[in-house]
Amino acid sequence: MSTAQSTKLLSPNREHTRTGMSKEALKQAYIDNLFYIQGRFREVATSHDLYMAAAYTVRDRLLARWVKSAQAFKVNRARTVCYLSAEFLLGPHLANNLVNLGITKISQESAAELELDFAMILEEEEEPGLGNGGLGRLAACFMDSLATQCIPAIGYGIRYEFGIFDQTIENGWQVERSDTWLRNGNPWEIPRPKICFPIGFGGYTEQYRHADGSLRHRWLPSLEINGVAYDTPILGYGVGNVNLLRLWKAEAPQSFDFQAFNVGDYYGAVHAKIEAETISKVLYPNDEPEVGKELRLKQQFFFVSCSLQDMIRLHLNTVGSLDTFANKFVAQLNDTHPALAVAELMRLFIDEHGMAWEQAWTITRNTFCYTNHTLLPEALETWSVALFERLLPRHLEIIYLINQDFLNQVREKFPDDETRVIRMSLIAEGEQRRVRMANLAVVGSQAVNGVAALHSELVKTTLFNDFYDLWPEKFHNVTNGVSPRRFMVVSNPRLADLISHTCGHNDWIRDLSLLRHLEHHADDVELQQRWREVKIAAKQDFANWLQQQTGVVLDPQAMFDVQAKRLHEYKRQHLNILHIIRLYQRIQQNPNQEIVSRAFIFGGKAAPGYYLAKLIIKLINAVAEVVNHDPLVNGRIRVAFMPDFNVKNGQRLYPAADLSEQISLAGKEASGTGNMKFSLNGALTIGTLDGANVEIREEVGAENFFLFGMTAAEVTAKQREGYRPWELYHADPELKADIDLINSGHFSRGDMVLFRPLTDHLINHDPFMVLADYRAYLECQAQVSTAWSDAANWDRMSILNVARMGKFSSDRAIVEYAKNIWNVPPVTVER
Ligand code: GL7
């Protein structure tokens, strides 16, 4: 290409077409992208082509801001937050980016002028499901809020080729299908083949004399693979700030192939390549994972090492010395999945960069902070020492050294307390010695936080009580939050418009505490009426979609009673089913009684290996089949299981809920974030005093929250005194009748054993005390029905709920992290 030509291509007009925000610029850019990137004319373009052209048009606009942001951060020498997370459950990008750019409306108009179906284009996007549930989605909300709050940040994670499985329901059972989200390409990411780091596994360690004369350690891995960066720009709302989400893909080093080729081992070379690439192939589909899988440890080390090497590279590029590393970066460990980072940063500092142990340890501790997301003992990660030794021999040595220093510190503060030392050690002794990742994370971090007030208290008094005795100042709470952009503006535009209209502005989207203004209007009959219309319209939309998916017809006038979250016994979807069965039996006994019409909607995936959770899905569908077709019920209660609950489908559901089921056993749900999404969309909550429910109730007012069940303290007391669920089963005739009806085969075409594993488990063990809370739950549900019958008051309560939920914005959470934990000031990038 001649210079004249290239100058022409880069002329200001053309530049404006690529980045400009006017309708004309958008339209021109869209047509250009359709032609030059997709190679299509409008007439022959598929709906996917049309979506890709839209995505590229928007991405160009992000990139312009990204470059500006990078420059601003460089000039400011800003401290940068590195959010290390094995999961980022992003959800579709397009609509969210339009909102954050502020061009939703003109994009709609542009599409109309080009005779394009805007809704269809949005619908076309495949969601990157790179996470399991709350933890991964929190990471995504935090990325949105970091950018919105102008905090320089990089999210580091894994570019899984297969994200969380797609769920279908066949014959009432969950069936998993692989999620091939990359098959049509991902327009939001930019591959960075030059940003590539070697990652070792296996081998041995040795001491050697370095060129500078010092005696050093080194690790000689037996296997090396590469991590390659893929970047996604994350734009904040209403600001110029764009942060970076950098996900790592595993690849075999090129040299591998050549070497093997030379000795004629073609098959071996291909095999090695496949083995290397396996590491970023698939997301483990367990929510609150069971531990111990070797590939998972490899994944964790892989992304942690890539990320730390990248941070060191960035720092040396600008500063030239690692002494100030912790001034430049703060790294948040999202649960223990990236906790290996503590040992890996030590290794990089000491072995690769020749730093002294003491200095390396000081910088490491000043770099990391750790968030705990669960108290469930089965989810606390430990790895066998034997596996560690085989895969990461140098890291095990470093962990032993950290442990030695640490335990000496413990002994100094608590002399003659060896049982405490044993409890706090980074190594669990026993038949099979194991590395305790949570302890490593606490010891290697300057701050540790839980994710809701109750959870953070329990972290201090139970799980990490010994550590709290040692370092009380290390422990914090940051209550979770959700992004009001995605979970209100994008998913519920009618409600967002009504709120903006009522408030007279849309500043609440940036400062959710401004929702308070709605309180003044809660009694306004006209607002109540419009509020109701918005809800009914959302319910109608959802009902249409659900009917298309499942054939189940829902009446938008019925109360939409919703429980959507991962399937887990502690979340107690089966408690909800017992209530449905109770209503069903009451109708059988007295068909003419007045009952409130309800549509019970469930959604959520079960871990593929979690048998009881899958059986609960089957039970929901079995009850649905009977109830939905029973002439005596006559449509007054409906039960539906929405398949494939993910971010995209969640966005359809949250706006449609009237009642949000948050009924976990107290003390088990660290926070919950679905509770916030439902409530922010006007649903009232029925819930236990668990996780963030406690704070939601405080905020919205006890009179606007349907509370039931034991407290966490009562749960502990009951467990201590000995819990005997079979006594409850025999003592409560209704409870007995409900469980017996399941066992009778009534919901399983006469099969009397199908649900036995579930019902026997409830009667004999009931680890999550479903039976203990059953009666209280039924009584509370009766109050819900009474409240529903006063429609105007329900609307009033719904308005008050939304008005008082401002605390649960992820913006508030990020501001708290930035001030109390990270000490990172904002850097505003001009738009
Ligand atoms: C979780 C908690 O279970 C959930 O209550 C919390 O809201 C979420 C985010 O903090 O983290 N912990 C966890 O391991 N998973 C969660 O969703 C998978």
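All figures in this text were calculated on a predicted structure; none of them were measured in a lab.

(A) Summary view of the site of the ligand. Lining the immediate environment of the ligand, one finds 18 residues, of which G134, L135, H373, A670 and S671 sit closest. Considering only residue class, the shell around the ligand consists of five nonpolar, 10 polar and three charged. No fewer than three residues from each of domain 2 (67-445) and domain 3 (524-729 + 759-815) sit in the shell around the ligand.

(B) Expanded view of the sheet that holds strand β24 (residues 706-707). Taken in spatial order, the six strands line up as β21-β20-β19-β22-β23-β24 in an open sheet, and their pairing is parallel. Among the strands making up the open sheet, the edge pair consists of β21 (637-642) and β24. Both strand β23 (residues 684-687) and β24 contribute to a ladder of two bridges, which runs parallel. Considered in β24, the bridge of I686 is made with F706. Sitting on the sheet, helix α25 (residues 611-628) is in contact with β20 (598-603) and β21, with an inclination near 145° to β21.

(C) Inspection of the packing of helix α3 (residues 23-36) against helix α6 (residues 104-113) at higher detail. For the pair α3 and α6, interaxial distance at closest approach is 9 Å and the crossing angle is 55°. If you check the angle between α3 and α6, you find them oblique. The element α3 and its partner α6 pack so that their crossing is right-handed. For the pair α3 and α6, contact is made by K23, L26 and K27 and by I106, S107, E109, S110 and E113, respectively. Class assignment of the residues belonging to the contact of α3 with α6 gives a composition of two nonpolar, two polar and four charged.

(D) The UniProt feature "modified residue: N6-(pyridoxal phosphate)lysine" (unreviewed entry) in the chain, seen in detail. Taking the numbering used here, the UniProt-annotated feature "modified residue: N6-(pyridoxal phosphate)lysine" (unreviewed entry) corresponds to K677. Discounting residues that sit within four places of it in the chain, K677 has contacts with V482, F487 and Y654.

(E) Spotlight on the pairing of β20. Among the six residues of β20, six are classified as buried, and the element is accordingly described as predominantly covered. Residues R598, F600 and F602 point to one face of β20 and A599, I601 and G603 to the other, with burial holding for every one of them. In the sheet, strand β19 (residues 559-564) pairs with β20 via six bridges, with the strands oriented parallel. In the sheet register, D561 faces β20, and the bridge partner there is F600. In this fold, the crossover linking β19 to β20 by way of helix α24 (residues 573-589) has right-handed handedness. Note: β20 against β21, six bridges, orientation parallel. Within β21, the residue paired with G603 across the bridge is M642.

What counts, and at which threshold
Residues numbered from 1 in each chain as written. Predicted model: local features only at pLDDT ≥ 70, side-chain atom pairs only at ≥ 80, totals over all residues. Near = placed C-beta within 6 Å. Nonpolar A, V, L, I, M, F, W, Y, C, P; charged D, E, K, R; others polar. Domains from an automatic or database assignment. Pairing = 2+ DSSP bridges. Helix = DSSP H or I, 4+ residues; strand = E, 2+ residues; numbered from the N terminus. Contact = placed C-beta atoms within 7 Å. Axes fitted to C-alpha atoms, helices over the stretch in contact; angles between N-to-C directions. Parallel < 35°, antiparallel > 145°, perpendicular 65-115°, else oblique. Left-handed = near helix turned anticlockwise from the far one by under 90°. UniProt positions renumbered as here; feature names shortened; annotations may be inferred. Buried ≥ 20, exposed ≤ 12 C-beta atoms within 10 Å, placed from the backbone. Right-handed = clockwise from strand over helix to strand, strands pointing away.

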